[in-house]
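This is what each chain is made of:
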Amino acid sequence: MCGIVGYVGKKNATPFLLEGLKALEYRGYDSAGLYVAGAGMVKRAGKVAELASAVPKNFSGTMGIAHTRWATHGAPTEQNAHPHTDASGTIWLVHNGIIENHAELREPLAKSGVRFASETDTEVLTQLIGSLYKKDVLLEDAVAAALARVHGTYGIAVASSREPGKIVAARLGSPLLIGIGTEGYYLASDATPLLPHTREVMYLEDGELAVLTREGYVVKHLARGPVKKSIEHLEWSAEAAQKKGYEHFMLKEMMEIPEVIENALRGRLAHATGTAHLGGLRDVLPRLLLARRIVITGCGSAYYAGLVGELLIEEFAGIPVEVEIASELRYRPHTADVKETVLIAISQSGETLDTLEALRAAKRNGMLTLGIVNAVGSTIARETDAGVYNHAGPEISVASTKGFISQLTVLALIALLLGRERGLSKSEGKKIVEELAKLPEKARRILAKRESIAVIAKKYAKIRDAFYLGRKFECPVAYEGAIKLKEIAYIHAEAYGAGEMKHGPIALIDSSFPSVVLAPKDSLYEKTKSNIQEIRARGGPIIALTTEGSEADIGKLADDLISVPAAPEALLPILTTIPLQLFAYYVAKERGLPIDQPRNLAKSVTVE
Ligand code: G6P
């Protein structure tokens, strides 16, 4: 969602702040601003580039904070952009999250004569701190006193012109990490802006407040006092977060899919015994094997990955699985025996707030909680009892591509492990291992044909609506295909289990309403073919996706055809998703849209 960066040290802060905002722009991006001690504040509505061109050349100082905003309270105007300042113009604050009791806090401040310059909840917090920042009070004490009165979520960085060499940072629900560099200390809401400067980082936990100066940092827990923090080493390289010559991050990230599958499988395939080695689950395996029920949760694409996981686990391991979106699951009571239920939270960023809260609720209820997370050290990764990392590298484009594929790969490994422990035969296990190992090469072959998908995309670039249809393993793939078209191409797309079409949706079919039908040669191939016939009979155009060998058969029924290499049906989503991602990408490109940063969306959703 919104992004925060800060710096205090020996260098001029401005270049890092602007670069950092640029690196964070993928999180949220409707306005941006910065404050640099001694130089002042600049804010702009729009992209970071607009802010950068508004910053004067001599705008320098050795401490500063900056923010890129994704509006929640108040329109994305310059006034509502962060930093916010208090009535006296002493305090400067940037904030991610939502102050829920802002109206209640605002009233007494307004009565005491404070005039608000914006409509934001953030300014209320800034003014509150300002009102508590009396003559002999230190900034960190005023911040702590204000936070004690706040309900909601926050990641904040606060500066004061009275204490110009200091940043106070605090976190409750919105991530913040401190980078330890040779020439100063960095603050950021995710690791990406830190990568060119340092790999040594320290994550703030909920309830913690840090004071950063040129000399060092101290961290305390607002309720429990001083805490000793450990430093972690980031493994992602700075280069991994760059476009490497591709026009968009999304294309670059799709092109990385073969390597991403390899990384998710590396060291985890046991060829001789036909199972998966998942070091992250070793300690909890005894309890995991007692599971009589698994609940999978996530948001957006992560939820769709969960739907594939449900089928994989049921098919390989015979354990009943329920999948629920996190923003619903967290408000539902856990009725089944929680000791025999395992929760799997899926999240690329590891910071999605609803997923985190669903996980916390499950933990409070005594469930074993597992994470499938890409961002190492993220909150969900740290709060789950155990988990499996995706190792997909940073995903910058808002629409998840390689992240989703890596989630499917990890789910297949978990399902294989559970299966082998619960009756899946060694020979079946070995077959799955062999087939998993073949996926990177098959993904490469799909990507090599991307131009032919671009040609089809061009033909459909002007459509208003589309259906995505699939059965069993391909049904969640249809959901994922539809969300990709919606989010980056702004085309209305709906997904259904193909058999459901005749219960209502087919009424919409006409010659302007195409259907993308996932029809690989799997156990439901013939039934899916019948569904294609039903649509054709009503004049609906068909884009069919099948497996190699069935092109001639399906080709007779389709207006356009895409084929992928064959694989066992349980693993096919890892391949069939790729052409749908490419299709959405090329449609969006043809429509001239901002693919990596679609309107109204954010990469990491840290509000509820
Ligand atoms: C946002 C992104 C989606 C992503 C979802 C969950 O909506 O735009 O691409 O699938 O969040 O994100 P997570 O980081 O938890 O996987």
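It should be emphasised that the depicted structure is a prediction, and the values quoted were computed from it without experimental measurement.

**Here we look at the site of the ligand**
Around the ligand, the structure places 13 residues, and the nearest of them are Ser 301, Ser 347, Gln 348, Ser 349 and Thr 352. Contact between the ligand and Thr 352: an oxygen atom at 2.5 Å from a side-chain N or O atom of the residue. Relative to its unbound accessible area of 390 Å², the ligand is 90% covered by the protein chains.

**Some words on the packing of aromatic side chains**
Within this structure, the stated rule accounts for eleven aromatic pairs. Geometrically, the ring pair formed by Tyr 7 and Tyr 186 is tilted, given 5.1 Å between the ring centres and 50 degrees between the ring planes. Residue Tyr 7 is found in strand E1 (residues 3–9), and its partner Tyr 186 is found in strand E10 (residues 184–188); the two are separated by 179 residues along the sequence. Tyr 186 sits in the buried class, given a relative accessible area of 2%. Measuring from centroid to centroid gives 5.5 Å for Tyr 304 and Tyr 479, while their planes differ by 25 degrees, and the two rings are stacked. Residue Tyr 304 is located in helix H9 (residues 301–317), and its partner Tyr 479 is located in helix H16 (residues 474–489); the two are separated by 175 residues in the primary sequence. Relative accessible area serves as the criterion here: at 27%, Tyr 479 is assigned to the partly exposed category. In this structure, Arg 106 packs its charged tip against the face of Phe 116, placed 4.2 Å from the ring centre.

**Some words on the pairing of strand E20 (residues 341–347)**
The buried count for E20 comes to seven of seven residues, which makes it a mostly enclosed element. Bridge analysis of strand E18 (residues 293–298) against E20 gives five bridges, and the strand direction is parallel. If you follow Ile 296 over to E20, its bridge partner there is Ile 344. Both E20 and strand E21 (residues 368–373) contribute to a ladder of six bridges, which runs parallel.

**Some points on the nonpolar core**
Within soluble globular proteins, side chains that are nonpolar tend to cluster in buried spots. Among the nonpolar cores identified, the biggest contains 100 residues, and Ile 294, Ile 313, Leu 436, Tyr 468, Leu 485 and Phe 583 are the most heavily contacted of them. Among the domains, domain 2 (242–448) and domain 3 (449–592) are the pair contributing at least three residues each to this core. Contact partners of Ile 294, with chain neighbours within four places excluded, come to Ile 313, Ile 319, Pro 320, Val 321, Glu 322, Val 342, Ile 344 and Leu 418. Leu 177, Ala 188, Leu 194 and Phe 249 belong to the second-largest nonpolar core, a separate cluster that totals 30 residues.

**Observations regarding unusual backbone geometry**
Geometrically, the link from His 82 to Pro 83 is a cis peptide bond, its omega value of 0 degrees lying close to zero. Within the secondary structure layout, Pro 83 lies in the loop between strand E4 (63–69) and strand E5 (84–85). Although it is not a glycine, Lys 472 sits at a positive phi angle of roughly 50 degrees. Relative to the helices and strands, Lys 472 resides in the loop between strand E23 (465–470) and H16. Judged by relative accessible area, Lys 472 falls into the partly exposed class, the value being 31%.

**Considerations on the pattern of salt bridges**
Tallied over the entire structure, the rule returns 34 salt bridges. Note that Lys 589 and Glu 247 form a salt bridge whose closest N and O atoms lie 3.2 Å from each other. Remark: Glu 247 occurs in the loop between strand E15 (232–233) and helix H6 (249–255) and Lys 589 occurs in helix H19 (residues 573–590); sequence separation between them is 342 residues. Lys 589 gets classed as partly exposed once you look at its relative accessible area, which sits at 36%.

**Comments concerning the domain arrangement of the chain**
Taken as a whole, the chain is organised into domain 1 (3–240), domain 2 (242–448) and domain 3 (449–592). Computed over C-alpha atoms only, the centres of domain 1 and domain 2 are separated by 33 Å. The interface of domain 1 with domain 2 comprises 16 residues on the first partner and 17 residues on the second. Buried surface at the junction of domain 1 and domain 2, summed over both partners, amounts to about 1,500 Å²; 54% is from carbon and sulfur atoms. In terms of surface lost to domain 2, no three residues of domain 1 exceed Tyr 26, Trp 236 and Ala 240, which account for 38% of the buried area on that side.

**Some points on the sheet that holds E4**
Read from one edge to the other, the open sheet built from eight strands follows the order E3-E2-E4-E1-E10-E9-E11-E15, with strand pairing classed as antiparallel. With partners counted over all chains shown, the strands left at the sheet margins are strand E3 (40–45) and E15, one partner each. As defined by bridge partners, strand E2 (residues 31–36) adjoins E3 across six bridges and the pair is classed as antiparallel. Within E3, the position partnered with Val 36 by the bridge is Gly 40.

**Comments concerning helix H3 (residues 102–111)**
Quick reminder: α-helices carry 3.6 residues per turn. Residues three or four places apart thus point the same way. Listing the buried residues of H3 in full gives His 102, Leu 105 and Leu 109. Buried residues of H3 fall within an arc of 70 degrees about the axis and therefore sit on the same side. With respect to the buried face of H3, the exposed residues turned more than 90 degrees away are Ala 103, Glu 104 and Lys 111. One or two residues past the end of H3 sits Gly 113, with phi positive at roughly 105 degrees.

**A look at the environment of Leu 177**
Assignment of secondary structure puts Leu 177 in strand E9 (residues 177–180). Taking the C-alpha atoms as reference, Leu 177 lies 35 Å from Lys 589; in sequence the two are 412 residues apart.

**Here's the deal with the packing of H16 against H19**
Any two packed helices are characterised by the angle at which their axes cross and by the distance between the axes. Two elements in contact, H16 and H19, have axes whose closest approach is 9 Å; the angle formed by their N-to-C orientations is 20 degrees. Relative to H19, the element H16 lies roughly parallel. Remark: the crossing between H16 and H19 carries right-handed chirality. The segment H16 lies against H19, with Glu 474, Val 477, Glu 480, Gly 481, Lys 484, Leu 485, Ile 488 and Ala 489 engaging Pro 573, Thr 576, Thr 577, Leu 580, Gln 581, Phe 583, Ala 584, Tyr 585, Val 587 and Ala 588. Of the residues in the contact of H16 with H19, the class split is eleven nonpolar, four polar and three charged.

Cut-off values and rules
Residues numbered from 1 in each chain as written. Predicted model: local features only at pLDDT ≥ 70, side-chain atom pairs only at ≥ 80, totals over all residues. Heavy atoms only, no water. Near = heavy atom within 4 Å. Polar contact = N/O pair within 3.5 Å; in protein donor to acceptor, adjacent residues only side chain to side chain. Areas by Shrake-Rupley, 256 points an atom, 1.4 Å probe, with all protein chains shown as cover. Phe/Tyr/Trp six-rings, centres within 6.5 Å; stacked < 30°, edge-to-face > 60°. Helix = DSSP H or I, 4+ residues; strand = E, 2+ residues; numbered from the N terminus. Buried < 20%, exposed > 50% of the residue type's maximum accessible area, 1.4 Å probe, protein only. Lys NZ or Arg CZ within 6 Å of the ring centre and 35° of its normal. Pairing = 2+ DSSP bridges. Core = buried A, V, L, I, M, F, W, Y, C linked by side-chain atoms within 4.5 Å. Domains from an automatic or database assignment. Contact = heavy atoms within 4.5 Å. Salt bridge = Lys/Arg side-chain N within 4 Å of Asp/Glu carboxyl O. Buried area = accessible area lost by both parts, 1.4 Å probe. Arc of directions from axis to C-beta. Axes fitted to C-alpha atoms, helices over the stretch in contact; angles between N-to-C directions. Parallel < 35°, antiparallel > 145°, perpendicular 65-115°, else oblique. Left-handed = near helix turned anticlockwise from the far one by under 90°. Nonpolar A, V, L, I, M, F, W, Y, C, P; charged D, E, K, R; others polar.

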